[in-house]
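# Commentary on secondary and tertiary structure
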Amino acid sequence: MSAPRVLFVRAGNLYRSPLAERLLAARLPTARLPTARIGSAGTHARPGPRMDPETRRVLAERGGDDTGFTSRQLTPELVGGADLVLGTERAHRDAAVRLRPGALHRAFTLREFVRLATGTPPGAEDEIEDPHGAGEEMLRDCAERLDALAAEVARVLGGPGPTASPAGLTTPATWASC
């Protein structure tokens, strides 16, 4: 498989989408996908802020790395440059498709993609709740769900194999073109 370009989409690009981005990067097998490009962007993001400090701590506890992360605004170019666009809510997936209608067949909610790719029966909900302002326990629960979903996405994209440290993966800042 060629190196996938995966884009996670959320509103502010400070909590769920960077968690999902960096957790997937930590779980992809670099032996099979050494140049995978994993990124995130927000439909209403203010470019530049770093990941929320509490989110960085939870990410580190799960083996992820926030090095170099800054939020960025979702653009048609980012959507067009991604092989797979994953929103944490339907509204974010839909926003990406509105920016680039050609992405319709490669844009999903994260849960929807995992469900379809693994043949899991539909659940009650495809959306992942926003932990912003809900306290540390909700953030940890969200990170746990995102981590399990990221592991499934890594398995689907890279097949079985050793998981990698994020250092071997290309981050969005270094994408040649999006």
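The structure contained in this document is the topic of the report that follows. As the structure is a prediction and not an experimental result, all values here were calculated from the model.

Here we come to the overall build of the protein. For the protein, the count of helices and strands is six helices and four strands. Of the regular secondary structure in the protein, the N- to C-terminal order runs β-α-β-α-α-β-α-β-α-α. Across the 178 residues of the protein, 50% fall into the buried class. Restricting to contacts in the protein with at least 6 residues of sequence separation, those with at least 24 account for 74%. Surface summary for the protein: the accessible area is close to 8,000 Å², and the carbon and sulfur share equals 52%.

A word on the packing of helix α5 (residues 110-118) against helix α6 (residues 136-158). At a minimum axis distance of 10 Å, the contact between α5 and α6 shows a crossing angle of 45 degrees. Between α5 and α6, the crossing angle belongs to the class labelled oblique. Crossing hand, α5 versus α6: left-handed. Counting all contacts with α5, which are made through Leu110, Arg111, Phe113, Val114, Ala117 and Thr118, the residues of α6 involved are Arg145, Leu146, Leu149, Glu152, Val153, Arg155 and Val156. Classifying every residue of the contact of α5 with α6 gives eight nonpolar, one polar and four charged.

Before going further, it helps to examine the packing of helix α2 (residues 53-61) against α6. Packed helices, taken two at a time, are described by the angle their axes make and the gap between the axes. Where α2 contacts α6, the axes come no closer than 10 Å and their chain directions differ by 45 degrees. When the axes of α2 and α6 are compared, the pair comes out oblique. Between α2 and α6 the crossing geometry is right-handed. Contacts from Glu54, Thr55, Val58 and Glu61 in α2 reach Glu136, Leu139, Arg140 and Ala143 in α6. For the contact of α2 with α6, a count of residues per class yields three nonpolar, one polar and four charged.

Before going further, it helps to spend a moment on the sheet that holds strand β3 (residues 84-87). The strands making up a sheet associate through hydrogen bonds between their backbones, and the pairing can be parallel or antiparallel. Here we have four strands laid out as an open sheet, ordered β2-β1-β3-β4, and parallel in their pairing. Each edge of the sheet is formed by a strand with only one pairing partner; in this case those strands are β2 (37-42) and β4 (107-109). The average undirected angle you get between the axes of adjacent strands in this sheet is 25 degrees. Pairing between β3 and β4: three bridges, direction parallel. From the neighbouring strand, Gly87 faces β4, where its bridge partner is Thr109.

This next bit is on the pattern of salt bridges. As enumerated under the stated definition, the model contains 12 salt bridges in all. Of the charged contacts in the structure, one is a salt bridge between Arg62 and Asp147, with a shortest N-O distance of 2.9 Å. Taken together, the positions of Arg62 in the loop between α2 and α3 (76-80) and Asp147 in helix α6 put the pair 85 residues apart, joining distant regions of the chain. According to the relative accessible area criterion, Arg62 is partly exposed, its value standing at 28%. Connected via shared salt-bridge partners are Arg10, Arg16 and Glu89.

Here α6 spans 32 Å end to end across 23 residues, near enough to the 33 Å set by a 1.5 Å rise per residue. All of the buried residues along α6 are Leu139, Cys142, Ala143, Leu146, Asp147, Leu149, Ala150, Val153, Ala154, Leu157 and Gly158. Each element contacted by the buried residues of α6 is listed here: β1 (5-10), α1 (16-27), α2, β3 and α5.

A turn of α-helix holds 3.6 residues, and therefore any two residues three or four places apart point the same way. Those residues of α5 that fall on the buried side of the exposure criterion are Leu110, Arg111, Glu112, Phe113, Val114 and Arg115. Buried-residue contacts for α5 involve β1, β3, α4 (90-99), β4 and α6. Looking one or two residues past α5, Gly119 carries a phi angle of roughly 75 degrees, positive in sign.

Reading the values: the criteria
Residues numbered from 1 in each chain as written. Predicted model: local features only at pLDDT ≥ 70, side-chain atom pairs only at ≥ 80, totals over all residues. Heavy atoms only, no water. Helix = DSSP H or I, 4+ residues; strand = E, 2+ residues; numbered from the N terminus. Buried < 20%, exposed > 50% of the residue type's maximum accessible area, 1.4 Å probe, protein only. Contact = heavy atoms within 4.5 Å. Areas by Shrake-Rupley, 256 points an atom, 1.4 Å probe, with all protein chains shown as cover. Axes fitted to C-alpha atoms, helices over the stretch in contact; angles between N-to-C directions. Parallel < 35°, antiparallel > 145°, perpendicular 65-115°, else oblique. Left-handed = near helix turned anticlockwise from the far one by under 90°. Nonpolar A, V, L, I, M, F, W, Y, C, P; charged D, E, K, R; others polar. Pairing = 2+ DSSP bridges. Salt bridge = Lys/Arg side-chain N within 4 Å of Asp/Glu carboxyl O. Expected span 1.5 Å × (residues − 1).

Purely geometric numbers; function is a separate question.
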